[in-house]
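Summary of structural features
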Amino acid sequence: EVAWNYIHECSSNRAINVYSEQQYSAYIEGHRIHDNVILNQKGDGILLGYYVTGINSIYNNLVIRAGLGPEWVTGSSYHTGIRIFAGHELVTGTMVYCYNNTLYGCGWNGAQTGESGHFLVSTETLIHLNLMSFSNNIVRSTGEPYVAGESGNPQTADLRNCWFGAGPAPAWDNTAINTDPMFINTIANNYQLQNGSPCINTGRNLST
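Residues numbered from 1 in each chain as written. Predicted model: local features only at pLDDT ≥ 70, side-chain atom pairs only at ≥ 80, totals over all residues. Heavy atoms only, no water.

1. With respect to the pattern of salt bridges
- A complete count under the given rule lists 4 salt bridges for this structure.
- The closest approach of N and O atoms between arginine 32 and glutamate 1, which form a salt bridge, is 3.1 Å. Taken together, the residues span a long stretch of sequence, with arginine 32 in strand β5 (residues 32-34) and glutamate 1 in the segment before β1 (2-3) at a distance of 31 residues.
- Two residues, arginine 14 and aspartate 44, come together in a salt bridge whose shortest N-O distance is 4.0 Å. Taken together, the residues span a long stretch of sequence, with arginine 14 in strand β3 (residues 14-18) and aspartate 44 in strand β7 (residues 44-48) at a distance of 30 residues. The two residues arginine 14 and aspartate 44 agree in class, both being buried.
- Here the salt bridges share partners, and the residues they tie into one network are Arg14, Asp44 and Arg83. (Salt bridge = Lys/Arg side-chain N within 4 Å of Asp/Glu carboxyl O. Helix = DSSP H or I, 4+ residues; strand = E, 2+ residues; numbered from the N terminus. Buried < 20%, exposed > 50% of the residue type's maximum accessible area, 1.4 Å probe, protein only.)

In C-alpha coordinates:
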(Lines give C-alpha, C1' and ligand atoms only; values in the text may rest on other atoms or scores of the structure.)
Protein backbone atom coordinates (compact mmCIF):
# COMPACT_ATOMS: atom_id res chain seq x y z
CA GLU A 1 0.00 0.00 0.00
CA VAL A 2 1.32 3.42 -1.02
CA ALA A 3 -0.97 6.08 0.38
CA TRP A 4 -1.36 9.61 1.83
CA ASN A 5 1.92 10.95 0.49
CA TYR A 6 2.66 14.47 -0.73
CA ILE A 7 5.42 14.32 -3.36
CA HIS A 8 6.30 17.66 -4.92
CA GLU A 9 8.97 19.58 -6.88
CA CYS A 10 10.59 16.22 -7.64
CA SER A 11 13.33 15.66 -10.24
CA SER A 12 13.32 11.85 -10.10
CA ASN A 13 12.22 9.65 -12.97
CA ARG A 14 8.98 8.66 -11.17
CA ALA A 15 7.23 9.87 -8.05
CA ILE A 16 5.65 6.47 -7.22
CA ASN A 17 7.42 3.57 -8.87
CA VAL A 18 6.14 -0.02 -8.41
CA TYR A 19 7.84 -2.78 -10.36
CA SER A 20 10.07 -5.81 -9.92
CA GLU A 21 13.66 -6.21 -11.04
CA GLN A 22 12.35 -8.77 -13.50
CA GLN A 23 14.38 -11.99 -13.71
CA TYR A 24 16.34 -11.04 -10.58
CA SER A 25 13.27 -10.86 -8.38
CA ALA A 26 9.76 -12.27 -7.91
CA TYR A 27 6.29 -11.36 -9.03
CA ILE A 28 4.75 -8.72 -6.78
CA GLU A 29 1.00 -8.33 -6.45
CA GLY A 30 -1.94 -6.80 -4.67
CA HIS A 31 -0.94 -3.12 -4.68
CA ARG A 32 -3.16 -0.25 -3.59
CA ILE A 33 -1.92 3.22 -4.56
CA HIS A 34 -4.33 5.83 -3.25
CA ASP A 35 -4.87 9.28 -1.75
CA ASN A 36 -1.50 10.62 -2.87
CA VAL A 37 -0.80 14.15 -4.09
CA ILE A 38 1.91 14.48 -6.74
CA LEU A 39 2.82 18.00 -7.80
CA ASN A 40 5.44 19.25 -10.30
CA GLN A 41 7.14 15.96 -11.16
CA LYS A 42 9.90 15.73 -13.80
CA GLY A 43 9.09 12.13 -14.83
CA ASP A 44 6.02 9.91 -14.54
CA GLY A 45 3.67 10.55 -11.64
CA ILE A 46 2.81 6.88 -11.05
CA LEU A 47 4.25 3.78 -12.73
CA LEU A 48 2.79 0.30 -12.23
CA GLY A 49 5.40 -1.83 -13.94
CA TYR A 50 6.39 -5.23 -15.28
CA TYR A 51 6.12 -8.32 -13.01
CA VAL A 52 3.27 -6.63 -11.10
CA THR A 53 0.51 -9.27 -11.04
CA GLY A 54 -2.71 -10.08 -9.17
CA ILE A 55 -5.33 -7.40 -8.44
CA ASN A 56 -3.99 -3.83 -8.23
CA SER A 57 -5.80 -0.53 -7.69
CA ILE A 58 -4.83 3.10 -8.32
CA TYR A 59 -7.45 5.46 -6.94
CA ASN A 60 -8.18 8.83 -5.31
CA ASN A 61 -4.83 10.31 -6.40
CA LEU A 62 -4.23 13.92 -7.41
CA VAL A 63 -1.53 14.08 -10.10
CA ILE A 64 -0.75 17.67 -11.04
CA ARG A 65 1.87 18.60 -13.65
CA ALA A 66 3.71 15.28 -13.81
CA GLY A 67 6.00 14.25 -16.65
CA LEU A 68 7.23 17.81 -17.12
CA GLY A 69 10.70 16.93 -18.45
CA PRO A 70 13.29 17.56 -19.62
CA GLU A 71 15.11 14.28 -20.26
CA TRP A 72 17.92 12.99 -18.06
CA VAL A 73 21.59 13.11 -19.00
CA THR A 74 21.69 9.30 -18.70
CA GLY A 75 18.90 8.76 -21.24
CA SER A 76 15.27 9.33 -22.15
CA SER A 77 12.16 8.10 -20.37
CA TYR A 78 8.40 8.55 -20.36
CA HIS A 79 6.57 11.72 -19.35
CA THR A 80 3.07 10.82 -18.15
CA GLY A 81 0.72 11.24 -15.23
CA ILE A 82 -0.09 7.53 -14.79
CA ARG A 83 1.68 4.78 -16.76
CA ILE A 84 0.62 1.13 -16.67
CA PHE A 85 3.09 -1.57 -17.75
CA ALA A 86 1.88 -4.36 -15.46
CA GLY A 87 1.41 -8.09 -15.86
CA HIS A 88 3.61 -10.89 -17.14
CA GLU A 89 3.28 -13.31 -20.03
CA LEU A 90 3.53 -16.34 -17.70
CA VAL A 91 0.92 -15.17 -15.19
CA THR A 92 -2.86 -15.09 -15.64
CA GLY A 93 -5.48 -13.21 -13.67
CA THR A 94 -3.75 -9.81 -13.45
CA MET A 95 -6.17 -6.91 -13.12
CA VAL A 96 -5.63 -3.16 -12.81
CA TYR A 97 -8.33 -0.77 -11.60
CA CYS A 98 -7.61 2.93 -12.11
CA TYR A 99 -10.42 5.14 -10.85
CA ASN A 100 -11.37 8.40 -9.09
CA ASN A 101 -8.05 10.06 -9.97
CA THR A 102 -7.56 13.67 -11.06
CA LEU A 103 -4.81 14.43 -13.58
CA TYR A 104 -3.97 17.98 -14.64
CA GLY A 105 -1.31 19.42 -16.95
CA CYS A 106 0.72 16.23 -17.40
CA GLY A 107 3.25 15.56 -20.14
CA TRP A 108 6.06 17.31 -22.00
CA ASN A 109 6.13 18.29 -25.66
CA GLY A 110 9.85 17.51 -25.90
CA ALA A 111 9.37 13.81 -25.10
CA GLN A 112 9.98 11.09 -27.65
CA THR A 113 7.03 10.43 -29.96
CA GLY A 114 4.14 8.72 -28.21
CA GLU A 115 5.67 8.92 -24.73
CA SER A 116 3.93 12.04 -23.39
CA GLY A 117 0.43 12.42 -22.00
CA HIS A 118 -1.76 12.10 -18.94
CA PHE A 119 -2.33 8.35 -19.19
CA LEU A 120 -0.48 5.49 -20.89
CA VAL A 121 -1.20 1.77 -20.79
CA SER A 122 1.26 -0.22 -22.87
CA THR A 123 -0.10 -2.42 -25.65
CA GLU A 124 2.03 -5.29 -24.31
CA THR A 125 0.36 -4.93 -20.92
CA LEU A 126 -3.11 -5.19 -22.45
CA ILE A 127 -2.16 -8.61 -23.86
CA HIS A 128 -1.13 -9.83 -20.38
CA LEU A 129 -3.98 -8.35 -18.33
CA ASN A 130 -7.34 -9.95 -17.68
CA LEU A 131 -8.77 -6.50 -16.99
CA MET A 132 -7.67 -2.87 -17.37
CA SER A 133 -10.40 -0.62 -15.98
CA PHE A 134 -10.14 3.20 -16.23
CA SER A 135 -13.24 4.84 -14.72
CA ASN A 136 -14.41 8.03 -12.99
CA ASN A 137 -11.16 9.89 -13.64
CA ILE A 138 -10.85 13.59 -14.46
CA VAL A 139 -8.21 14.39 -17.08
CA ARG A 140 -7.69 18.10 -17.68
CA SER A 141 -5.10 18.89 -20.33
CA THR A 142 -3.23 22.16 -20.69
CA GLY A 143 -1.79 21.14 -24.04
CA GLU A 144 -0.48 17.58 -23.96
CA PRO A 145 -2.60 14.57 -25.06
CA TYR A 146 -5.06 12.90 -22.74
CA VAL A 147 -3.61 9.52 -23.71
CA ALA A 148 -0.02 9.10 -24.88
CA GLY A 149 0.30 8.04 -28.51
CA GLU A 150 2.08 4.81 -27.60
CA SER A 151 -0.85 3.72 -25.43
CA GLY A 152 -3.28 0.92 -26.11
CA ASN A 153 -6.96 1.18 -25.23
CA PRO A 154 -8.69 -0.14 -22.11
CA GLN A 155 -11.91 -2.04 -22.73
CA THR A 156 -14.77 -0.02 -24.19
CA ALA A 157 -17.44 0.30 -21.53
CA ASP A 158 -19.51 2.65 -19.38
CA LEU A 159 -16.45 4.45 -17.95
CA ARG A 160 -17.61 8.05 -17.27
CA ASN A 161 -14.26 9.78 -17.27
CA CYS A 162 -14.08 13.54 -17.82
CA TRP A 163 -11.71 14.70 -20.58
CA PHE A 164 -11.16 18.39 -21.29
CA GLY A 165 -8.60 20.67 -22.91
CA ALA A 166 -7.23 18.51 -25.74
CA GLY A 167 -10.23 17.93 -27.99
CA PRO A 168 -12.71 15.03 -28.09
CA ALA A 169 -12.57 12.24 -25.52
CA PRO A 170 -11.05 8.88 -26.51
CA ALA A 171 -13.48 6.80 -28.57
CA TRP A 172 -13.25 3.86 -26.16
CA ASP A 173 -14.91 5.86 -23.37
CA ASN A 174 -18.57 5.37 -24.31
CA THR A 175 -19.99 7.66 -21.64
CA ALA A 176 -17.27 10.29 -21.50
CA ILE A 177 -17.84 13.80 -20.18
CA ASN A 178 -16.13 16.16 -22.63
CA THR A 179 -16.50 19.50 -20.93
CA ASP A 180 -14.74 21.65 -18.34
CA PRO A 181 -14.74 19.90 -14.92
CA MET A 182 -14.76 23.36 -13.26
CA PHE A 183 -11.99 23.24 -10.66
CA ILE A 184 -12.18 25.99 -8.08
CA ASN A 185 -8.74 27.54 -8.70
CA THR A 186 -5.92 25.76 -10.54
CA ILE A 187 -3.50 28.66 -10.03
CA ALA A 188 -3.84 28.15 -6.28
CA ASN A 189 -3.77 24.34 -6.71
CA ASN A 190 -7.35 23.98 -5.52
CA TYR A 191 -8.78 21.09 -7.54
CA GLN A 192 -12.06 20.77 -5.73
CA LEU A 193 -15.08 21.01 -8.03
CA GLN A 194 -17.20 24.12 -8.18
CA ASN A 195 -20.95 23.88 -7.67
CA GLY A 196 -22.45 23.02 -11.02
CA SER A 197 -19.50 20.93 -12.20
CA PRO A 198 -20.59 18.27 -14.72
CA CYS A 199 -18.52 15.72 -12.76
CA ILE A 200 -20.59 15.93 -9.58
CA ASN A 201 -22.81 12.86 -9.02
CA THR A 202 -22.10 11.44 -12.49
CA GLY A 203 -19.56 8.69 -11.76
CA ARG A 204 -20.12 4.93 -11.77
CA ASN A 205 -20.75 3.03 -8.54
CA LEU A 206 -17.57 0.99 -8.11
CA SER A 207 -17.19 -1.87 -5.65
CA THR A 208 -13.39 -2.26 -6.00
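2. Section: the environment of threonine 125
- For threonine 125, the position within the fold is in helix α1 (residues 123-128).
- Measuring from C-alpha to C-alpha, the distance between threonine 125 and glycine 75 comes to 23 Å, with 50 residues separating the pair along the chain.
- Apart from residues lying up to four places away in sequence, threonine 125 is in contact with Ile84, Phe85 and Ala86. (Contact = heavy atoms within 4.5 Å.)

3. Comments concerning the pairing of strand β14 (residues 116-121)
- Of all the 6 residues making up β14, 6 are buried; the element is thus mostly covered by neighbouring parts of the structure.
- Examined bridge by bridge, strand β11 (residues 79-84) and β14 share 5 bridges and lie parallel to one another. Across the sheet, residue histidine 79 finds its bridge partner in β14, namely serine 116. (Pairing = 2+ DSSP bridges.)

4. With respect to the nonpolar core
- In terms of nonpolar packing, the biggest core is built from 29 residues, with Ile46, Leu48, Ile58, Ile82, Ile84 and Met132 touching the most fellow members.
- When residues of this core are traced back to their parent elements, those giving at least two are β3, β7, β10 (62-66), β11, β12 (95-99), β14 and β15 (131-135).
- Tallying contributions element by element places β3 first for this core, with 3 residues.
- Every residue in contact with isoleucine 58, bar those within four places of it in the chain, is listed here: Ile33, Ile46, Leu48, Ile82, Ile84, Tyr97, Cys98, Tyr99 and Asn101.
- Residues Ile64, Tyr104, Ile177 and Tyr191 belong to the second largest nonpolar core, which totals 9 residues. (Core = buried A, V, L, I, M, F, W, Y, C linked by side-chain atoms within 4.5 Å.)

5. Overview of the pairing of β11
- Buried residues dominate β11, accounting for 6 of its 6 residues.
- As judged from the 3 bridges shared by β7 and β11, these two strands associate in the parallel manner. Across the sheet, leucine 47 pairs through a bridge with arginine 83, a residue of β11.

6. A short note on the packing of aromatic side chains
- For the structure shown, the criterion picks out 12 aromatic pairs.
- An aromatic cluster is present here, built from Phe119, Phe134, Tyr146, Trp163 and Trp172 joined pairwise through their rings. (Phe/Tyr/Trp six-rings, centres within 6.5 Å; stacked < 30°, edge-to-face > 60°.)

7. Overview of the sheet that holds strand β17 (residues 162-164)
- If you trace the 6 strands from one edge of the open sheet to the other, you get β2-β6-β10-β13-β16-β17, paired in parallel fashion. Strands with a single pairing partner mark the edges of an open sheet, and in this sheet they are β2 (6-10) and β17. Put simply, the sheet's adjacent strands are angled 5° from each other on average, direction ignored.
- In terms of strand pairing, β10 meets strand β13 (residues 102-104) through 3 bridges, oriented parallel. Each bridged residue has a counterpart across the sheet, and for valine 63 the counterpart in β13 is leucine 103. (Axes fitted to C-alpha atoms, helices over the stretch in contact; angles between N-to-C directions.)

8. Some points on the environment of cysteine 10
- Looking at the secondary structure, you find cysteine 10 in strand β2.
- Between the C-alpha atom of cysteine 10 and that of lysine 42, which follows or precedes it by 32 residues, the distance is 6.2 Å.
- Those residues in contact with cysteine 10, other than ones at most four positions away along the chain, are Asn40, Gln41 and Lys42.

9. A word on the sheet that holds β15
- Taken together, 5 strands build an open sheet; the order of strands is β1-β5-β9-β12-β15 and the sheet is parallel. With partners counted over all chains shown, the strands left at the sheet margins are β1 and β15, one partner each.
- One ladder, built from 5 bridges, connects strand β9 (residues 55-59) with β12; its direction is parallel. By the bridge assignment for β12, serine 57 is matched with tyrosine 97.

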